Amino acid sequence: RVDLAALGKSCFPTIEEASDRLQSEWWLHAVQDDGKYCVEIYDVSHKVVAVFSCFSAMQLFLFSVVPFVFIFLRRRARQLGACCQRMQRRSAAGGVSARQEDYRRGPSAGHRQQPAGDNDVGECERQQRPSGDGVTVIVPMYLPNEQFVFRETVEWIMHNVEWLGALTLFLVYNTPEDMAEVEDQLRQMQRIDWPANRYLRVERVHGSTSKAANLNFAIRRIETPYLVVYDADHHPERGSLLQLLETLLREDVDCVQGSWYMRDLGETQGGLLARIIDAEFLADWYFAKEMSRMFMGNGYFSGSNGLWKTASLAGETFNEKAMTEDFDMSVRLIMQNKRIAFCPTARSGELAPISWSACFNQRFRWATGWDESFLQHYRSFAMQPGVKLRSRCGLFWLFGVKYVLTMISLFSLIVCLPLTIYWYSTHDIVGQPMNLMGAMPTYLGCVTWVLATLEAICQIPARGKQGLIQVPVVILVASPLGYCCLFLLMVALQVKSWARLCAGHEATWEVTQRSPLAARSSPRGPVSERRAAQQLLCANPFVVEVALVPQLKATALVAADQDASTQWSESSRPPSELSEDREQLPDAVAAEAEEN
């Protein structure tokens, strides 16, 4: 052994002896010097890298791994509980009355006539204004950007989206110049013979230059207790609106935000960009947004596929100058102690941006909108009275803490990682702190990687072939390499946003360009209210008993009155028996749902 204490290091003839020395104390590393292995004390750069690596590991563990594991296990437990509830109700439905059995078997000779189709409803009845217990679907649109997608969206919503009662689709649009042919087509669509209890209303918002202005125009003219917002390229899944309603009633919140996915994965227009965005959406909607709600006790409205109580928006207007009017509205309502929930299983498909540059511009608009909201409201987070402590802390975490964690992660990525790689390539042994701090982020990152992949696999039954194809894409995007690429993109957007805001440049709205899909086959037939009730009963039996029984019974009784007037023969059945059927119908619907 050669002792060089005066130089602050000790040298050993073999690497084994040097390793034993490193194991006995921290903050040491070994290098080769003249054929010997010299143990040295960490200098300042080594200690800084070790400390930042420790902060990165703690951040990853507390704000990614623990919430991801909890969210994933909770979702699986809820699905298992719902499955057990359905099995119990199915086993308990063994003693069904004969009349319910007759209802389930369908019409029989001498008791029912052939049901009248939707086209047999009179024109006056079809054009009657919907009652106050319906929903208004607001579709804001900008021409000419969305002139090729709106018709398909209108037909999809009118024919496929399920709702218990009347549904009015309110299409509000603005255009910088008159488009006579397209606007004439919009007026013609109002005269189409839509399914029963489905109504289309089209209005041009003169003077509007933003989506917020279109929404404000529509909301002031709504009389229904619920409203839902969809972008012009969104195709919500058939039962998604009912899932939003179920969550709204069960959790007693003011708004429920559903999730998005890319619906053009199988089309040439989407390509690789659509698949990458879809994989990112899966991690964002099923983990990141749920994690945000865990910390601040609230979700936030994302601009589309969100169901609102109309009364919750009374007296409120979307900020027409904000880059992200949806998030700005969410912050203002949260500070009024209103509640917003997430429901990722209520999904809506959208089209991918037309190009990579269009996607970058869209993400830049989102980043700028978040920063604008922070600068506008950060004083209210601390000063406004009456805000719940959890909401106040959650908003600070969502904005302020996010920036701090981003800076720590950025320093670790662009400074600590290259230095660590350099030291590993030049030092034979880097010491215990560097080994531990270097291994922890790797192992913790693999946990989130595996959970995202498992979630993608769990989504295969709902998404089918495209869900199966997406699993390898999720594996790539959620991998450490994919995470680093997305993180650097986020940092670039953040830096550009802050540079523009600090320079005093006013951000301008830039519409995201999208490609229309090729012509599809005609949508499936109209949705009956009875079928909508069946699917809701099957999906949420325990909620229906508590929250939805009054609405379901009212809807079923209305349907019974319609059946009595159009389907049943008064000559073959007495009025008393018709009245009895009218009372039995809600239970019969539940029984048929359980059988299905």
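All of the points below concern the structure found in this document. Since the model is a prediction, treat every value here as computed from it, not as a measurement.

Things to note about the pairing of strand 3 (residues 28–33)
Two strands pair when backbone bridges link them, and strand 3 and strand 4 (residues 36–41) are joined in this way by six bridges, in the antiparallel orientation. Residue pairing for strand 4: aspartate 33 is matched across the bridge by lysine 36. Following strand 3, the chain reverses through two residues before pairing antiparallel with strand 4; aspartate 34 in that reversal takes a positive phi of roughly 55°.

Digging into the packing of aromatic side chains
Taken as a whole and assessed by the stated rule, the structure comprises 19 aromatic pairs. An angle of 15° between the planes, with centres 4.6 Å apart, marks the rings of phenylalanine 68 and phenylalanine 287 as stacked. Taken as a pair, phenylalanine 68 in helix 2 (residues 44–92) and phenylalanine 287 in helix 9 (residues 271–296) lie far apart in primary sequence, 219 residues in all. With respect to burial, phenylalanine 68 and phenylalanine 287 carry one shared label: buried.

As for the packing of helix 10 (residues 325–334) against helix 11 (residues 356–383)
The N-to-C vectors of helix 10 and helix 11 enclose an angle of 10°; their axes lie 10 Å apart at closest approach. Viewed along their axes, helix 10 and helix 11 adopt a mutual orientation that is roughly parallel. Seen along the crossing, helix 10 lies across helix 11 with a hand that is right-handed. Counting all contacts with helix 10, which are made through Phe327, Asp328, Val331 and Arg332, the residues of helix 11 involved are Trp370, Ser373, Gln376, His377 and Phe381.

Quick look at the state of the cysteines
Per the counting criterion, the structure on display carries one disulfide. At a sulfur-sulfur separation of 2.0 Å, the disulfide partner of cysteine 11 is cysteine 38. The S-S bond linking cysteine 11 to cysteine 38 shows a torsion near 95°; that makes this disulfide right-handed. Highlighted residues: cysteine 11 in strand 2 (residues 9–12) and cysteine 38 in strand 4, separated in sequence by 27 residues. A relative accessible area of 3% means that cysteine 11 is categorised as buried. Classification of cysteine 38 by relative accessible area gives buried; the value is 0%.

Topic: the sheet that holds strand 11 (residues 306–309)
Note on sheets: strands pair through backbone hydrogen bonds, and any given pair is parallel or antiparallel. The eight strands are arranged 7-6-5-8-11-10-12-9 in an open sheet whose pairing can be described as mixed. Whereas interior strands pair on both sides, the edge strands pair on one side only; in this sheet they are strand 7 (198–204) and strand 9 (235–236). Where strand 6 (residues 167–174) meets strand 7, seven bridges bridge the pair, whose relative direction is parallel. Bridged to valine 172 within strand 7 is glutamate 203. With respect to the sheet, helix 8 (residues 240–251) is in contact with strand 5 (135–142), strand 6, strand 8 (226–229), strand 9, strand 10 (255–262), strand 11 and strand 12 (340–350), its orientation differing from that of strand 12 by roughly 180°.

Describing helix 16 (residues 480–502)
Compared with the 33 Å implied by 1.5 Å per residue over 23 residues, the 32 Å span of helix 16 between its first and last C-alpha is a close match. Among the residues of helix 16, Gly482, Phe487, Val491, Leu493, Gln494 and Ser497 are the ones counted as buried. Buried positions along helix 16 lie against helix 11, helix 12 (389–426) and helix 15 (465–477). Immediately beyond the C-terminal end of helix 16, within one or two residues, lies glycine 504, with a positive phi of roughly 80°.

Brief notes about unusual backbone geometry
Geometrically, the link from leucine 143 to proline 144 is a cis peptide bond, its omega value of 10° lying close to zero. Looking at the element boundaries, proline 144 is found in the loop between strand 5 and helix 5 (150–160). Backbone geometry at aspartate 252 places phi at a positive 50°, although glycine is not the residue there. Note on placement: aspartate 252 falls in the loop between helix 8 and strand 10. Judged by relative accessible area, which is 52%, aspartate 252 ranks as exposed. A positive phi is found at asparagine 305, a non-glycine position, where the angle reads about 60°. Of note, asparagine 305 is situated in the loop between helix 9 and strand 11.

What counts and what doesn't
- Position numbers for residues start from 1 in each chain and track the written sequence from start to end.
- Reporting in this predicted model follows two pLDDT cut-offs: at least 70 for local features of residues, and 80 or more for side-chain atom pairs to be given and counted; totals over whole chains, interfaces and linings ignore these cut-offs and use all residues.
- The side-chain values count all of the structure's non-hydrogen atoms but skip hydrogen atoms and water molecules.
- At least two bridges found by DSSP between two strands is the condition for calling them paired.
- Numbering of helices and strands runs from the N terminus; a helix is a DSSP stretch of H or I covering at least four residues, while a strand is a stretch of E covering at least two.
- Aromatic pairing here means that ring centres of Phe, Tyr or Trp (its six-membered ring) are within 6.5 Å. Orientation follows from the plane angle: under 30 degrees is stacked, over 60 is edge-to-face, and everything else is tilted.
- For every residue, the accessible area obtained with a 1.4 Å probe (protein chains only) is divided by the maximum for its type, and the residue is called buried under 20%, exposed over 50%, and partly exposed between those limits.
- Comment: axis = line fitted to C-alpha atoms, over the contacting stretch for helices; angle = value between 0 and 180 degrees taken between N-to-C directions.
- Should an angle fall under 35 degrees it is called roughly parallel, over 145 degrees roughly antiparallel, and 65 to 115 degrees roughly perpendicular, with every other angle called oblique.
- Left-handed describes a crossing whose near helix is turned anticlockwise from the far helix through less than a right angle; right-handed describes the clockwise counterpart.
- The contact criterion used throughout is that any non-hydrogen atoms of two residues lie within 4.5 Å.
- Criterion for a disulfide: a pair of cysteine sulfur atoms at a distance within 2.5 Å.
- By this rule the span expected of a helix is its residue count minus one, scaled by 1.5 Å.

Read these as geometric descriptors, not functional statements.
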